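The residues making up each chain are set out below.
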Amino acid sequence: MFGDYSISDLGAILAMQGFAGLILFSVYVLMALGLAIIFGQMGVINMAHGEFMILGAYVTWMTSNVVQHVAPGLFPGYFFIAMILAFIASGALGMLVEWALIRHLYKRPLDTLLATWGLSLILQQAYRSIFGAREVGVELPEWMMGSWQATDSIQIPINGMFVMALTILITIVVFYILFWSSWGKQVRAVVQNRVMAGAVGINTEKVDRYTFGLGCGIAGIAGSAFTMIGSTGPTAGQLYIVDTFLVVVFGGAASLFGTIASAFSISQTQSTLEFFLSGSMAKVITLLTIVAILMVRPQGLFALKVRK
Amino acid sequence: MSDETKPGLKSPLRRKLLMGMAALPAVSMLGRPAFADVPATSAVNTTGLAVTDSEVTVGILHSVTGTMAISETGSVEAEKLAIEQINAAGGVLGRKIKFIQEDGASDWPTFAEKAKKLLVNDKCAAVMGCWTSASRKAVLPVFEQYNGMLYYPTFYEGLEQSKNVIYTGQEATQQIIAGLDWVNKTKGAKSFYLLGSDYIWPRTSNKIARKHIENHLQGCKVVGEEYFPLGSTQFNSVINKIKLTKPDVIYAIIVGGSNVAFYKQLKAAGIDLSKQTLLTISVTEDEIDGIGGENIAGAYACMKYFQSLDNPNNKAFVPAFKKMWGEKTVIGDVTQAAYLGPWLWKLTVEKAQSFDIDKIAAASPGVEFKGAPEGYVRIHENHHLWSKTRVGRAKADGQYELIYETADLVEPDPFPKGYQ
């Protein structure tokens, strides 16, 4: 397939393909980070993760409408406001759900799967009733669209770079919170030994609620960012849920490093194969590889050593 | 006692109506709903359908929940509008249409179950419904077993024909061939990159497109053909491949949420649709709502109806639709095709002078609908519609601008020779 092309053509494609892989990597990390916190740190299988993301997307859509009507001058920067609001909305809903539903099921992990799946159906129908069954189009400010012309033949999507920057920022913040702040230490203490953490005076219930809220809030930010590259509709969250779980499980449920490593390997495999094979075949081979690796290493790429 | 009084009350009236009917065929030929022209139920309904002296029941079977609700909502709205208009104009054979709506819930076994309910329990005289081919395939045996009549609105891949179905959308060859010929002739397009979501409709359609490009268009070739799982949201790799192969035409049959991702990423990757020709058969005005007009402006779509069509029927239809469902709603190809269903059924019933399914199936070929928003349509012997094929260009406001239409109606050919 390369016979007819010049070296500079191929170089340009290689560069753009490299960026395509990095963008996919950022997308995977962003969507998996929230789940990695909830599933990894708390052991809750949150099937409604996609719906928390879509809540963020709808918040973005509403913000864009409000800003356009009330303060059109702010429109170029509305996306930042929207992401903060998305974090607050999804996070608040997450804490509510944790209080009303999840905390009663901590000792029954498989039941959380069923309960959160039911929750995802309820949320989908709620979105459908409130916002209508049709997809909504989120209008973006002009500067976020189009591509950056690096050289004559290399174009890099601006929204892709935006997602990359956002992912790096959020990853740093999450790592800071979990590994350097005192609250993060409490979270990790609860993960490693809930009873002991309670015994030394950590309010485990409160830690659980905020952890769940943080995970959902990050999902909201991800949903907000994905309005740039994907669709916003009542069931759009379902498009992300399988990939999200794939990344988290493959990475090793309890490890944030694992999540990032797995997002990187899956996205590079996927985007390279997509280039040489076709879209569907790339997916099939990626999935087969993951299944094979998980058969050899069921705990995922990275596993936390915890005394059970 | 009561058994005798009931018909006793009705029969003089019925006799009068029968006499009136005998004297009035000329009036009914004019298509005017005359109140005296109500034929007796026993004469027009010999198979026990839900038809009374004043009412006839039809079914509406679409998904209003689940993934497909996005697409099927427009069809439900169009069918309800058509039924309301028919009732306002006097109904069908003097009977008002009453509808029972069931939700297929985007789940194919549910479609089959609800179809059975509409036919067996409710005895619906006709059903307007289904959207995806999968749902149609699921209900087809039910309609054939219980002898029902389905009016199916979506453009689809063809390779099907049933006595119990009227296909009011275009089958694949109607939609594909005219569009490819047009792009070849006016744009001088020689190389095509075929894309699609990975299921039966895009695959069959692209197969037809490939055969046509390779066998019927001089010196044209397919430089790539690719499919993506339903719901894919990442297209950067294939966009790079498109940049590398530089096709004259991107031929895209991507559906659902993937559509939005594809066009947004295409634009973000710097592919300018005012310079790069893109022809799609899967993006109607409904989909543009989600994609955003500014992301797809410049793309060409090939189908049979656009909301912007300039003809008297459409100029009446669009405001009526907006009046009923809100100023912001848009009308896509399938929505218009769904609107045809109740009207075609009414015209067929009046032609057959009967609600009986067998008589309707037999009377359908040749039924003409002059009031269709897309313009004149006629039912073919194979139960598909003769219709024109049109090419429109997407504008930033989410509407299509009509660029080209075939001079004549295109014959439906669900089993095209040399394309399989």
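Residues numbered from 1 in each chain as written. Chains lettered and ligands numbered in written order. Predicted model: local features only at pLDDT ≥ 70, side-chain atom pairs only at ≥ 80, totals over all residues.

In this section: the overall build of chain A. Scanning chain A for helices and strands turns up eleven helices and two strands. Starting at the N terminus, the α and β elements of chain A follow one another as α-α-α-α-β-β-α-α-α-α-α-α-α. For chain A, the C-alpha radius of gyration of 20 Å lies close to 19 Å, the compact-globule estimate for 308 residues. Projected onto the principal axes, the alpha-carbon positions of chain A cover approximately 70 × 55 × 35 Å. In chain A, which comprises 308 residues, the share counted as buried stands at 50%. A separation threshold of at least 6 residues defines the contact pool for chain A, and within that pool the share at least 24 residues apart is 76%. (Helix = DSSP H or I, 4+ residues; strand = E, 2+ residues; numbered from the N terminus. Rg over C-alpha atoms; globule rule 2.2 N^0.38 Å. Buried ≥ 20, exposed ≤ 12 C-beta atoms within 10 Å, placed from the backbone. Contact = placed C-beta atoms within 7 Å.)

Here we come to the nonpolar core. Membership of the largest hydrophobic core comes to 201 residues, with the highest contact counts inside it found for A:Tyr28, A:Ala32, B:Val127, B:Tyr251 and B:Leu344. Examining the composition of this core, we find that 22 residues originate from one element, helix α1 (residues 7-42) of chain A, more than from any other. Residues from two domains meet in this core; each of domain 1 (3-169 + 309-387) and domain 2 (172-303 + 391-405) of chain B gives at least three. Sequence-distant contacts of A:Tyr28, defined by excluding residues within four places in its chain, comprise A:Asp243, A:Val247, A:Ala263, A:Ile266 and A:Ser267. (Core = buried A, V, L, I, M, F, W, Y, C linked by C-beta atoms within 7 Å. Domains from an automatic or database assignment.)

Residue and element names in this part refer to chain A. Interhelical geometry of α1 versus helix α8 (residues 204-226) gives an angle of 165 degrees and a closest axis separation of 7 Å. Compared by their axis directions, α1 and α8 come out roughly antiparallel. Judged by the twist between their axes, the crossing of α1 over α8 is left-handed. Where α1 approaches α8, its residues Leu30, Met31, Leu33, Gly34, Leu35, Ile37, Ile38, Gln41 and Met42 are matched on the opposing element by Asp208, Thr211, Phe212, Leu214, Gly215, Cys216, Ile218, Ala219, Ala222 and Ala225. For the contact of α1 with α8, a count of residues per class yields 14 nonpolar, four polar and one charged. (Axes fitted to C-alpha atoms, helices over the stretch in contact; angles between N-to-C directions. Parallel < 35°, antiparallel > 145°, perpendicular 65-115°, else oblique. Left-handed = near helix turned anticlockwise from the far one by under 90°. Nonpolar A, V, L, I, M, F, W, Y, C, P; charged D, E, K, R; others polar.)

Counting residues at the interface gives 39 residues for chain A and 36 residues for chain B. Those elements that provide at least two residues to the side of chain A that touches chain B are α1, α4 (109-131), β2 (155-157), α5 (158-179), α10 (256-276) and α11 (279-296) of chain A. In terms of residue count, α1(A) provides more of the side of chain A that touches chain B than any other element does, seven residues in total. Broken down by class, the residue content of the side of chain A that touches chain B amounts to 16 nonpolar, 16 polar and seven charged.

This paragraph deals with the domain arrangement of chain B. Residue and element names in this part refer to chain B. If you check the domain split of chain B, you get domain 1 (3-169 + 309-387) and domain 2 (172-303 + 391-405). Placing the centre of domain 1 and that of domain 2 at their C-alpha centroids yields a distance of 33 Å. In this assembly, 16 residues from domain 1 lie in contact with 15 residues from domain 2. Listed by contribution, the elements that provide at least two residues to the side of domain 1 that touches domain 2 are α4 (69-88) and α14 (333-352). Top contributing element to the side of domain 1 that touches domain 2 by residue count: α14, with three residues. Looking at the side of domain 1 that touches domain 2 residue by residue, the class counts come to seven nonpolar, seven polar and two charged.

What follows covers the packing of helix α3 (residues 78-100) of chain A against α8(A). All names here are of chain A. At a closest axis distance of 7 Å, the pairing of α3 and α8 adopts a crossing angle of 140 degrees. Classed by the angle they form, the pair α3 and α8 counts as oblique. Our pair here, α3 against α8, has a crossing hand that is right-handed. Of the residues belonging to the contact of α3 with α8, the class tally is 13 nonpolar, nine polar and three charged.

Residue and element names in this part refer to chain B. Pairing is antiparallel in the open sheet, where three strands are placed in the order β11-β12-β13. On the outer flanks of this sheet lie β11 (368-369) and β13 (385-386), each paired with one strand and no other. The pairing of β11 with strand β12 (residues 377-379) spans two bridges and is classified as antiparallel. Bridge pairing in β12 links glutamate 368 to arginine 378. (Pairing = 2+ DSSP bridges.)

As for its placement among the helices and strands, B:Gly188 is situated in the loop between α7 (172-187) and β6 (191-197). Accessibility expressed as a C-beta count within 10 Å gives 9 for B:Gly188, which makes it exposed.

This part takes up helix α10 (residues 257-268) of chain B. Side chains three or four residues apart in an α-helix point the same way, a direct result of the helix having 3.6 residues per turn. All names here are of chain B. When the terminal C-alpha atoms of α10 are compared, their 17 Å separation across twelve residues agrees well with the 16 Å that a helix rising 1.5 Å per residue should span. Burial analysis of α10 places twelve of its twelve residues in the buried class, which makes it a mostly covered element. Phi turns positive, to about 85 degrees, at glycine 270, one or two residues after α10. (Expected span 1.5 Å × (residues − 1).)

Residues and elements named next belong to chain B. Burial along strand β10 (residues 300-303) is two-sided: Tyr300 and Cys302 facing one way and Ala301 and Met303 facing the other are all buried. In terms of strand pairing, strand β9 (residues 277-280) meets β10 through two bridges, oriented parallel. Considered in β10, the bridge of leucine 279 is made with tyrosine 300.

Turning next to the pairing of strand β14 (residues 390-394) of chain B. All names here are of chain B. Of all five residues in β14, four are buried; the element is thus mostly enclosed. Examined bridge by bridge, β10 and β14 share four bridges and lie antiparallel to one another. Residue pairing for β14: alanine 301 is matched across the bridge by glycine 392. If you look at the hairpin formed by β14 and strand β15 (residues 400-405), you'll find five residues sitting between the two strands, and glycine 398 has a positive phi there, around 90 degrees.

This part takes up the sheet that holds strand β3 (residues 127-129) of chain B. In a beta sheet, neighbouring strands are held together by backbone hydrogen bonds and run either parallel or antiparallel to one another. Residue and element names in this part refer to chain B. Strands sit in the order β2-β1-β3-β4-β5 across an open sheet of five strands; the sheet is parallel. The sheet terminates laterally at β2 (96-103) and β5 (165-167), the two strands that pair on one side only. In this sheet, neighbouring strand axes are inclined to one another by 25 degrees on average, regardless of whether the strands run parallel or antiparallel. Those strands touched by helix α5 (residues 108-121) are β1 (55-62), β2 and β3, and its axis lies near 180 degrees from that of β1.

What follows covers the confidence of the model for chain B. Detailed conclusions should not be drawn from predicted coordinates in areas where pLDDT is low. Residue and element names in this part refer to chain B. Mean pLDDT for chain B: 88, with 91% of residues reaching 70 or above. Ranking the elements of chain B by mean pLDDT puts helix α2 (residues 25-29) last with 43 and strand β4 (residues 150-152) first with 97. Model confidence for the complex: the whole-complex pTM is 0.83, and ipTM, which rates the interface, is 0.81. (pLDDT = per-residue confidence, 0-100.)

A few words on the environment of B:Ala320. Within the element layout of this structure, B:Ala320 appears in helix α13 (residues 312-325). C-alpha separation for the pair B:Ala320 and B:Gly196, spaced 124 residues apart in sequence, amounts to 35 Å.

Residues and elements named next belong to chain B. A positive phi angle, near 55 degrees, is found at alanine 105, a position not held by glycine. Here alanine 105 lies in the loop between β2 and α5. Of note in this structure, lysine 123 is not a glycine but carries a positive phi near 55 degrees. Structurally, the position occupied by lysine 123 is in the loop between α5 and β3.

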